[in-house]
Amino acid sequence: INEYFVYDKVPFKINNNILFHKNEYISSKTRFKQTDLVIARHVFAHNKSIKNFATNIYKKSNPKYIYIECANWILTYKNLDFSQLYSEHFYALSPYSVFKLFFDYKYGVKELSNFDIHNGSFGLILGKNSTEMISSRQKINYSKVRLKITSWNKKTKSIWKKASKNNIIIWGASAKIIFMINA
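Since the model is a prediction, treat every value here as computed from it, not as a measurement. (Residues numbered from 1 in each chain as written. Predicted model: local features only at pLDDT ≥ 70, side-chain atom pairs only at ≥ 80, totals over all residues. Heavy atoms only, no water.)

Undergrad: Quick one: what's the story with the overall build of the protein, residue by residue and with numbers?
TA: When you go through the protein residue by residue, the secondary structure sums to five helices and six strands. Start at the N end of the protein and walk to the C end: the helices and strands fall as β-β-β-α-β-α-α-β-β-α-α. Put simply, of all contacts in the protein between residues at least 6 apart along the chain, 64% involve residues at least 24 apart. Carbon and sulfur atoms provide 53% of the accessible area of the protein, an area that totals close to 12300 Å². (Helix = DSSP H or I, 4+ residues; strand = E, 2+ residues; numbered from the N terminus. Contact = heavy atoms within 4.5 Å. Areas by Shrake-Rupley, 256 points an atom, 1.4 Å probe, with all protein chains shown as cover.)

See the structure below:
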């Protein structure tokens, strides 16, 4: 029987005998069995040290495969939607930056996909001893980034000024709404 473990500080009820919840974040104290696959969906940006997070995944589980999904910094910039840069995110990541985190541990690219979630995300499957690489990183002029964010900020302020004349009800996505209100 395969066993699946979910490591998260968000409690939830599980009603089956193969899926287990661990009320913790992965750390140097975490104990794993040998693992075939680690799935990390939209968690890397939330870690104060992505290097430590990647190291803990490798050293604690030494998986054959790692699937990492993140909002794509390159697409965030290209789409001029900076709502991904909110207070819960320590990092904005590209496929290249995530690949580099695992390169020293002898992981290569098995598959890279782009999709629309979070206005542009990537899914990266890394395999142990795979030789495929992401050969270069995309260069971005960060003076232009500052100008683009400033422009986005002005548009956001304009929207909130118009909206503030009305009663507003907001559901979900609280971090992004706080970020936009504070823009």
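Text resumes after the structure shown.
Undergrad: Please provide a residue-by-residue account of the nonpolar core, values included.
TA: Counting residues in each nonpolar core, the largest one holds 23 residues, and the members touching the most others are F44, I68, F102, L124 and L126. Sorting the residues of this core by element identifies β3 (37–41), α1 (50–61), β4 (65–71), α3 (95–103), β5 (107–115) and β6 (121–128) as the ones contributing at least two each. Broken down by element, this core gets its largest block of residues, five residues, from α3. Not counting the four nearest positions on each side in its chain, F44 is found in contact with I50, F53, A54, I57, I68, C70, Y91, L93, L101 and F102. Core analysis: the second largest hydrophobic core is formed by seven residues, W73, Y77, F82 and I140 among them. (Core = buried A, V, L, I, M, F, W, Y, C linked by side-chain atoms within 4.5 Å. Buried < 20%, exposed > 50% of the residue type's maximum accessible area, 1.4 Å probe, protein only.)

Undergrad: Quick rundown of a nonpolar patch on the surface? Include the residues and the values.
TA: Judged by side-chain polarity, L37, I39 and Y65 come together as a nonpolar surface patch covering roughly 300 Å² of accessible area. Here I39 lies in strand β3. On the basis of relative accessible area, I39 is assigned to the exposed category, the value being 56%. (Patch = residues over 30% accessible without salt bridge, like charges linked within 9 Å, V, L, I, M, F, W, Y side chains within 5 Å. Salt bridge = Lys/Arg side-chain N within 4 Å of Asp/Glu carboxyl O.)

Undergrad: Outline the environment of V43, listing residues and values.
TA: Looking at where V43 falls in the secondary structure, it is placed in the loop between β3 and α1. A residue is classified by how much of its surface remains accessible, and V43, at 29% relative accessible area, is partly exposed. It is 8.1 Å that separates the C-alpha atoms of V43 and E69, two residues lying 26 residues apart in sequence.

Undergrad: Quick rundown of α1? Include the residues and the values.
TA: With 12 residues, α1 ought to run about 16 Å at 1.5 Å a step, and its terminal C-alpha atoms sit 16 Å apart, in line with that. Each element contacted by the buried residues of α1 is listed here: β3, β4 and α3. Note on α1: the residue one or two positions beyond its end, N62, has a positive phi of about 40 degrees. (Expected span 1.5 Å × (residues − 1).)

Undergrad: Give a description of the pairing of β5 that names residues and reports values.
TA: Relative to β6, β5 runs antiparallel, the two being bridged by eight bridges. Bridging across to β6, S113 finds its partner in G123. If you look at the hairpin formed by β5 and β6, you'll find five residues sitting between the two strands, and H118 has a positive phi there, around 55 degrees. (Pairing = 2+ DSSP bridges.)

Undergrad: I'd like a description of helix α4 (residues 142–163), backed by residues and values.
TA: Here α4 spans 31 Å end to end across 22 residues, near enough to the 32 Å set by a 1.5 Å rise per residue. Considered for burial, the residues of α4 that qualify are V145, W152 and T156. Burial along α4 is one-sided: seen end-on, the buried residues are contained in an arc of 45 degrees. More than 90 degrees from the buried face of α4, the exposed residues found are R146, L147, K154, K161 and K162. With a side-chain oxygen positioned 2.9 Å from the backbone nitrogen of S143, the residue opening α4 is N141. (Arc of directions from axis to C-beta. Polar contact = N/O pair within 3.5 Å; in protein donor to acceptor, adjacent residues only side chain to side chain.)

Undergrad: Quick one: what's the story with the packing of aromatic side chains, residue by residue and with numbers?
TA: Aromatic ring pairs: the centre-centre distance and the angle between the two ring planes describe each pair. Across all of its chains, the model carries eight aromatic pairs by this definition. Centre to centre, the rings of F44 and F102 are 6.2 Å apart; their planes meet at 70 degrees, and the pair counts as edge-to-face. Separated by 58 residues along the polypeptide, F44 in the loop between β3 and α1 and F102 in helix α3 bring together distant segments of the chain. Residue class for F44 comes out buried when judged on its relative accessible area of 0%. Taking the centre distance of 4.2 Å and the plane angle of 15 degrees together, the rings of Y58 and Y105 count as stacked. You can see Y58 sitting in helix α1 and its partner Y105 sitting in the loop between α3 and β5, a full 47 residues away along the chain. (Phe/Tyr/Trp six-rings, centres within 6.5 Å; stacked < 30°, edge-to-face > 60°.)

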